[in-house]
Amino acid sequence: PRPPAAAAAGWDEEEEEDDMTDPISHELMTDPVVASDGHTYERSQIQAWIRREGPVSPMTMQPLRHGDLTPNRAVRNLIARRHPEVKLAPWT
């Protein structure tokens, strides 16, 4: 059920699920990272994309400024709360 405060703030459960889903594989992430384009990806998916396509964003098709991938702790914590059955990757 939607928390009353969340409903008042325009919280959307479907949108929240999208935030936890990798935009490349369309699967629930277990190791979410942020790339230099500001988008969150499953680590293995964005790494494979960069190997295949080069350093270009799959979301914007613009060059990625660098190859650094930063763990997205907020999305990881959201997944842990909403999907406790999912085995998350170890912290890196």
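First things first, this report covers the structure right here in the doc. In this text the structure is predicted, and so the values were computed from the model without any measurement.

## Side note on the pattern of salt bridges
Side chains carrying opposite charge are able to pair once their charged atoms draw close together.
(1) Moving on: Enumeration over the complete set of coordinates arrives at 2 salt bridges.
(2) Moving on: In this structure, Arg82 engages Glu17 in a salt bridge whose closest nitrogen and oxygen atoms are separated by 3.9 Å. Highlighted residues: Arg82 in helix H4 (residues 73–82) and Glu17 in helix H2 (residues 13–19), separated in sequence by 65 residues.
(3) Moving on: Classification of Arg82 by relative accessible area gives partly exposed; the value is 32%.
(4) Moving on: On the basis of relative accessible area, Glu17 is assigned to the partly exposed category, the value being 25%.
(5) Moving on: With its nearest N and O atoms 2.8 Å apart, the salt bridge here joins Asp31 to Arg43. Of this pair, Asp31 sits in the loop between H2 and strand S1 (32–34) while Arg43 is found in helix H3 (residues 43–53), placing the two residues 12 residues apart along the sequence. Across the pair, Arg43 and Asp31 agree in class, each one buried.

## A look at the nonpolar core
(1) Moving on: By size, the foremost hydrophobic cluster in this structure holds 8 residues: Val33, Ala35, Tyr41, Ile46, Trp49, Val56, Leu64 and Leu69.
(2) Moving on: Other than its neighbours up to four places away in sequence, Trp49 contacts Ile24, Gly54, Val56, Ser57, Pro58 and Met61.
(3) Moving on: If you look at the next biggest cluster of nonpolar residues, it comprises 6 residues, including Met20, Met29, Ile79 and Leu88.

## So, H4
(1) Moving on: Within H4, the full set of buried residues consists of Val75, Arg76, Leu78 and Ile79. Each buried residue of H4 lies within a common arc of 160° when the element is viewed along its axis, so the set occupies one face. Turned more than 90 degrees from where H4 packs its buried face, Ala74 and Arg81 sit exposed.
(2) Moving on: Backbone nitrogen of Ala74 and a side-chain oxygen of the N-cap are separated by 3.3 Å at the start of H4; the cap is Asn72.

## Details of the sheet that holds S1
In sheet architecture, strand pairing relies on hydrogen bonds along the backbone and comes in two forms, parallel and antiparallel.
(1) Moving on: An order of S2-S1-S3 is seen for the 3 strands of this open sheet, with the pairing classed as antiparallel. Either end of the sheet is taken by a strand with one partner, and the two such strands are strand S2 (40–42) and strand S3 (70–71).
(2) Moving on: Inspection of the sheet shows S1 paired to S3 by 2 bridges, in the antiparallel sense. Each bridged residue has a counterpart across the sheet, and for Val33 the counterpart in S3 is Pro71.

Cut-off values and rules
- Counting of residues starts from 1 at the beginning of each chain's written sequence and follows it residue by residue.
- With the structure being a predicted model, the display of local features is reserved for residues of pLDDT at least 70 and the display and counting of side-chain atom pairs for 80 or more, all residues being used for whole-chain, interface and lining totals.
- To obtain the side-chain values, all non-hydrogen atoms of the structure were included, while hydrogens and water were left out.
- Salt bridges are defined by distance alone: a side-chain nitrogen of Lys or Arg within 4 Å of a carboxyl oxygen of Asp or Glu.
- Helix and strand assignments follow DSSP, with helices taken as H or I runs no shorter than four residues and strands as E runs no shorter than two, numbered in order from the N terminus.
- Each residue gets one of three labels from its accessible area relative to the maximum for its type: buried under 20%, exposed over 50%, partly exposed in between, using a 1.4 Å probe on protein chains only.
- To qualify as a nonpolar core, a set must consist of buried Ala, Val, Leu, Ile, Met, Phe, Trp, Tyr and Cys residues joined through side-chain atoms within 4.5 Å.
- In what follows, residue pairs with any heavy atoms lying within 4.5 Å of each other are defined as contacts.
- The directions considered for the arc are those from the helix axis to the C-beta atoms.
- Under this definition, polar contacts are N or O atom pairs within 3.5 Å; protein pairs additionally need one hydrogen-donor-capable and one acceptor-capable atom, and for neighbouring residues in sequence, both atoms have to be side-chain atoms.
- Paired strands, in this sense, are two strands between which DSSP finds at least two bridges.

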